[in-house]
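Here is what each chain is made of, one letter per residue.
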Amino acid sequence: MASKLYAWLDSRLKLKPVKDTLLDEPIPGGASWIYVFGSATLFLFALQAITGMFLAVYYAPTPDHAYDSVRYIETQVLFGAFVRGLHHWGASAMVVVIGLHMLQVFLYGAYKPPREAMWIVGVLLLLLTMGFAFTGYLLPWDQNAYWATQVGINMAGGVPFVGTFLVKVMRGGEMLGALTLSRFFAVHVLFLPATIAVLVALHMFILRRVGPAGPWSGGLDRRGKRPESSPAPPRPEGQPSPPSGERRARRSEPFYPRQVFMDAVVMLGVFAVVAVLALTVAFPLADKANPSDHSFIPVPEWYFLFYYQFLKYMEGPILGPIATWVIPGGFIALLLALPFLDPSKDRAPSSRRTVLGLGALFLVGVFALVGLSLHDLQEMKRTDPAVASGKALYDQFGCIGCHRVHAAGGSVGPDLSYVGDHRDRDWLIKHFRDPQSTSPGSIMPKFPLDERQLTDLTAYMLSLKKGA
Ligand code: HEC
């Protein structure tokens, strides 16, 4: 049945040559687990596209509704929290997998001639991915989203000559608001996907024209069995893959079946990891964006932490601009120019010590900054003045008589050790104003708290979280 259907389709659509082109691409040096990151990235891109489509069904891109629509997805929609989790952790996984992909290409010198164009398109794809991360971050319209985007837009404003223009384009109006949100939404779901689809296609088209690089030692490049400029010659229909030379038969193998298998295994593994994260690690919304609360300190996604930390050391009229645009701009230019700065055809690591050393230094720097940043964030939590004064109020009002925090205290009221995980700010404030309003029949007394005390006590409650 299936074979008949295939035969029919083949007779109409001439599928055989398509199948041959798709599956017979020779892999110099043979299939390897080290080549899986490109297809893993492609897989995650598809996952983001599909989960994004489902999120767009419920999401409403206006300041009045964005936050509530995301909350609705989280709490009401069937599998809503799971799909949002997949989209959130899928983005993180994408950064990891792209990082590994670039590392492999860098280590193998696969960006060198004749693959410069593929590398450049790859760098553009990286920039587009960052564009997705930046525009996507604003969409839930919570405090973090709002204030982190504010920081990002301010940074763009510091670029000389075009800064003011960039801010206008990004923000849409005088303030970060409705116009900004619909812009970011349109860019996130229409402009960027369209652009990235074209560039992904181009990236793969170039790959098929120049062929994969293969191992740094030997491979086909230097043997000239397969000239860089021309792909395998078209083969007549109905003939098996050509035995193109003894050496090539030994040194390379077709994409199908072993590489396809490895790629598939890794895609499945990546999906399993992302799904487990989506199911187990909650990604709660912060409070709804409040444009008048200038005291809020946003924390970026983990993959921007190194840069966030770097900015802390680079303040002032000279260092500031250096960190916000001179270094990032220079870095992107350096990445784009890499194949021309390091053009020798010898890809063996032993003859590329300087380039690899610089790459390693960069990585050490990034990881050191991430470590410092995590350390600072922990400190900040411990010494946040609102949290400290909230804790003092907690002691002063004798909450401990009825509540426990980490085993210390009474058991009249519920254990508050992790209250920050399941109550939000609005609920807590309402509860403290009048416990009866949220918990009818509560015996918890109404405490005479002023606004400042309410905020501080709430800040302390919200700091009581697992892992904090
Ligand atoms: C007389 C005992 C008593 C005292 C004193 C007391 N509480 Fe409570 N608290 C309760 C009881 C009982 C509940 C459960 C009913 C409710 O939600 O109001 C509760 C609930 C809570 C909750 C909600 C927990 C949840 O997630 O459902 C929080 C938060 C809380 N208390 C904080 C405090 C703080 C802060 C203080 C001190 C300012 C305090 N309580 C003082 C008895 C007390």
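This is a predicted model, so every value here is computed, not measured.

(A) The pattern of salt bridges, seen in detail. The final tally for this structure, using the stated rule, is 11 salt bridges. The salt bridge involving Asp376 is made with Lys312; its shortest N-O contact spans 3.5 Å. Placement of Asp376 in helix H14 (residues 353-383) and of Lys312 in helix H12 (residues 305-313) is noted, with a sequence separation of 64 residues between them. The network of salt bridges with shared partners includes Lys112, Asp342 and Arg352.

(B) Focus on the site of the ligand. With respect to spatial proximity, 25 residues lie near the ligand, and among them Cys399, Cys402, His403, Ser442 and Met444 are the closest. For the ligand, an oxygen atom lies 3.1 Å from a polar atom in the side chain of His422. In the model, an oxygen atom of the ligand is placed 2.6 Å from a nitrogen or oxygen of the Ser439 side chain. Here the shell around the ligand takes four residues from helix H17 (residues 425-433), the largest share from any one element. A breakdown of the residues in the shell around the ligand according to their chemical character gives 17 nonpolar, seven polar and one charged.

(C) The coordination of the iron atom of the ligand, seen in detail. All of the protein donors around the iron atom of the ligand are His403 (NE2) and Met444 (SD); their distances to the metal are 1.9 to 2.1 Å. Bound by six donor atoms, the iron atom of the ligand shows angles of 87 to 178° at the metal and therefore octahedral coordination geometry. Of the two residues, His403 sits in the loop between helix H15 (385-396) and strand E3 (404-405) while Met444 sits in the loop between helix H18 (435-438) and helix H19 (451-463), which places them 41 residues apart along the sequence.

(D) The domain arrangement of the protein chain, seen in detail. On domain assignment, one finds that the protein chain holds domain 1 (25-218 + 249-288 + 298-381) and domain 2 (385-463). Spacing between the C-alpha centres of domain 1 and domain 2 amounts to 40 Å.

(E) Molecular detail of the confidence of the model for the protein chain. Here the protein chain averages 89 in pLDDT, while 93% of its residues score no lower than 70. The secondary-structure element of the protein chain with the lowest mean pLDDT is helix H10 (residues 246-251), recorded at 48, while helix H3 (residues 37-58) shows the highest, at 98. Under a pLDDT of 50 for its full length, residues 219-250 has, in the predicted model, 37 contacts with residues more than four places off or in other chains.

(F) Expanded view of helix H4 (residues 66-75). Listed in full, the buried residues belonging to H4 are Ala66, Tyr67, Ser69, Val70 and Ile73. Summarising the axial view, the buried residues of H4 lie within an arc of 165°, below the 170-degree limit, and thus occupy one face. Tucked into the core, H4 has its buried residues touching H3, helix H5 (80-107) and helix H9 (178-210).

(G) Quick peek at the side chain of Thr180. In this structure, Thr180 sits in helix H9. Looking at Thr180, its side chain comes within polar contact range of the main-chain nitrogen of Gly177, at 2.9 Å.

(H) Expanded view of unusual backbone geometry. Note that the residue after Pro113, namely Pro114, is joined by a cis bond; omega there is 10°. One can find Pro114 in the loop between H5 and helix H6 (116-138). Cis geometry is found at the peptide bond from Tyr256 to Pro257, where omega equals 5°. Note that Pro257 resides in the loop between strand E2 (252-254) and helix H11 (258-280). Its identity is not glycine, yet Lys14 carries a phi of approximately 50°, on the positive side.

About the cut-offs
- Residues numbered from 1 in each chain as written.
- Predicted model: local features only at pLDDT ≥ 70, side-chain atom pairs only at ≥ 80, totals over all residues.
- Heavy atoms only, no water.
- Salt bridge = Lys/Arg side-chain N within 4 Å of Asp/Glu carboxyl O.
- Helix = DSSP H or I, 4+ residues; strand = E, 2+ residues; numbered from the N terminus.
- Near = heavy atom within 4 Å.
- Polar contact = N/O pair within 3.5 Å; in protein donor to acceptor, adjacent residues only side chain to side chain.
- Nonpolar A, V, L, I, M, F, W, Y, C, P; charged D, E, K, R; others polar.
- Donors = N, O, S within 2.8 Å, 3.2 Å for Na, K, Ca; no water.
- Tetrahedral: all angles 85-135°; square planar, octahedral: opposite > 155°, others 65-115°.
- Domains from an automatic or database assignment.
- pLDDT = per-residue confidence, 0-100.
- Contact = heavy atoms within 4.5 Å.
- Buried < 20%, exposed > 50% of the residue type's maximum accessible area, 1.4 Å probe, protein only.
- Arc of directions from axis to C-beta.

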